Amino acid sequence: MSAKYAFAQTLKEVRFLFCQTGEASGATRSFLTRTYPTMKKHNPSTPIMLREAAGTQPRVYARYEFGQEKSASLLGLTDKQIEETVTGLVKSGI
């Protein structure tokens, strides 16, 4: 798992948006509970922000050099699918 969360050099920030109580965000909360410590341990200087707001659909944003961003919806995905989506975003560059 450690190599999976070694972020690309061009990645400047990762942001997760989700609802703190909604069913649609359950897999996202589970994923973050399981993987956040590992991601932060292997990328201590990259901000990983968790934004909780009632009624928010789960989504992840990756910000790269020069302010460029990519985002992906996490709505309806399983824990494993979320892991694949996030891994794709943090490994790729713009």
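Our structure's up above, just so we're on the same page.
Notes on the structure follow. Everything numeric here is computed off the predicted structure, so don't read it as measured data. (Residues numbered from 1 in each chain as written. Predicted model: local features only at pLDDT ≥ 70, side-chain atom pairs only at ≥ 80, totals over all residues. Heavy atoms only, no water.)

**Re the overall build of the protein chain**
When you go through the protein chain residue by residue, the secondary structure sums to two helices and four strands. Listing every helix and strand of the protein chain by position from the N terminus yields β-α-β-β-β-α. Taking 94 residues into account, the globule formula puts the C-alpha radius of gyration at 12 Å, and the protein chain, at 12 Å, falls close to it. Summarising its shape, the C-alpha atoms of the protein chain cover approximately 35 × 25 × 20 Å along the three principal directions. When each of the 94 residues of the protein chain is scored for burial, the buried share is 35%. Looking at the protein chain alone, contacts between residues at least 24 apart form 70% of all its contacts between residues at least 6 apart. Here the protein chain contributes 13 positive and 8 negative side-chain charges, whose respective centroids are spaced 5 Å apart. (Helix = DSSP H or I, 4+ residues; strand = E, 2+ residues; numbered from the N terminus. Rg over C-alpha atoms; globule rule 2.2 N^0.38 Å. Buried < 20%, exposed > 50% of the residue type's maximum accessible area, 1.4 Å probe, protein only. Contact = heavy atoms within 4.5 Å. Lys, Arg positive; Asp, Glu negative; His and termini not counted. Charge placed at Lys NZ, Arg CZ, Asp CG, Glu CD.)

**A look at the sheet that holds strand β3 (residues 59–64)**
Read across the sheet, four strands follow the order β2-β1-β3-β4 without closing on themselves; strand pairing throughout is mixed. Single-partner strands in this sheet number two, and they are β2 (48–52) and β4 (69–73). Adjacent strand axes in the sheet meet at a mean angle of 15 degrees, parallel and antiparallel pairs treated alike. Looking at chain direction, strand β1 (residues 11–18) and β2 are connected through five bridges and run parallel. Looking at β2, one finds that F16 is bridged to L50. Sitting on the sheet, helix α1 (residues 26–42) touches β1 and β2, and the angle it makes with β1 is about 155 degrees. The strands touched by helix α2 (residues 79–91) within the sheet are β1, β3 and β4, with β3 carrying the most contacts at an inclination of about 10 degrees. (Pairing = 2+ DSSP bridges. Axes fitted to C-alpha atoms, helices over the stretch in contact; angles between N-to-C directions.)

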